[in-house]
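# Chain and residue survey
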Amino acid sequence: MADIKITALAEETTPVSTDLLLLTDDPSGTAVSKKLELSNLSKGLALEVGLVTATSHTFTLSQANNFIRFNNASTQTITIPTHASVAIPAGSRIWCLRQGNGAVTFTPATGVTILSLNSNLSISGTSGVVLLVKISSSIWSLSGDLA
């Protein structure tokens, strides 16, 4: 293969788990090229743990695929944004922990649908954990410790 700049390569916009990535491993100062199957990419990567203390919050792109603690003595209302306002990719997950005594309730922005058992949209109590998964541009699944 001729030398080609990475920026000149065709972009893969529909990766699958068996695709391979090239990486350089350099633990001791001697670079070694290795392959990495995309399905193994997340192994060993830790989630970021965030904290929200405001009584009103809208999820941001940087919170996708992370664990968020909600901590306030008052009710916290968490808005699930439209794709047009915050382009969180489909398949993204957000784990949420109710750490404080105040209720944590999720509300969809106009045009957003939240699917949950019995249409429950609140974390059931202190130490309750829920998982949000973005299914499509306007549909999210909410599961876990719901009330």
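Throughout this document, residue positions are counted from 1 along each chain, in the order its sequence is written. Thresholds applied to this predicted model are a pLDDT of at least 70 for local features of residues and 80 or more for the giving and counting of side-chain atom pairs; totals over whole chains, interfaces and linings are not thresholded and use all residues. Each side-chain value is derived from all of the structure's non-hydrogen atoms; neither hydrogens nor water enter the calculation.

### Quick word on the environment of aspartate 3
Only DSSP runs of H or I reaching four residues or more are called helices, and only runs of E reaching two or more are called strands; each is numbered from the N terminus. Checked against the element boundaries, aspartate 3 lands in the segment before strand E1 (20-25). Burial classification: accessible surface area is computed with a 1.4 Å probe over protein chains only, and a residue below 20% of its type maximum counts as buried, one above 50% as exposed, and the rest as partly exposed. On the basis of relative accessible area, aspartate 3 is assigned to the exposed category, the value being 82%. As a C-alpha pair, aspartate 3 and alanine 87 span 84 residues in sequence and 35 Å in three-dimensional space.

### Structural notes on the pairing of strand E6 (residues 76-80)
In terms of burial, E6 is largely enclosed, as 4 of its 5 residues are buried. Across 3 bridges, the pairing between strand E4 (residues 56-58) and E6 is parallel. Looking at the pairing, serine 56 lines up with threonine 77 of E6. Strands are labelled as partners when DSSP assigns at least two bridges between them. Relative to strand E8 (residues 104-108), E6 runs parallel, the two sharing 5 bridges. Looking at the pairing, isoleucine 78 lines up with phenylalanine 106 of E8.

### Some points on the packing of aromatic side chains
The relation between two aromatic rings is expressed through the spacing of the ring centres and the mutual angle of the planes. Pairing of aromatic side chains here covers Phe, Tyr and the six-membered ring of Trp, requires ring centres within 6.5 Å, and sorts the geometry by plane angle: under 30 degrees stacked, over 60 edge-to-face, intermediate tilted. A full pass over the atoms with the stated rule returns 3 aromatic pairs. Relative to phenylalanine 106, the ring of phenylalanine 59 lies with its centre 6.5 Å away and its plane at 15°, an arrangement referred to as stacked. Placement of the pair is phenylalanine 59 in the loop between E4 and strand E5 (66-70) and phenylalanine 106 in strand E8, with a sequence separation of 47 residues. As far as burial versus exposure is concerned, phenylalanine 59 and phenylalanine 106 are alike and both buried. One aromatic cluster is present, formed by Phe59, Phe70 and Phe106 through successive ring pairs.

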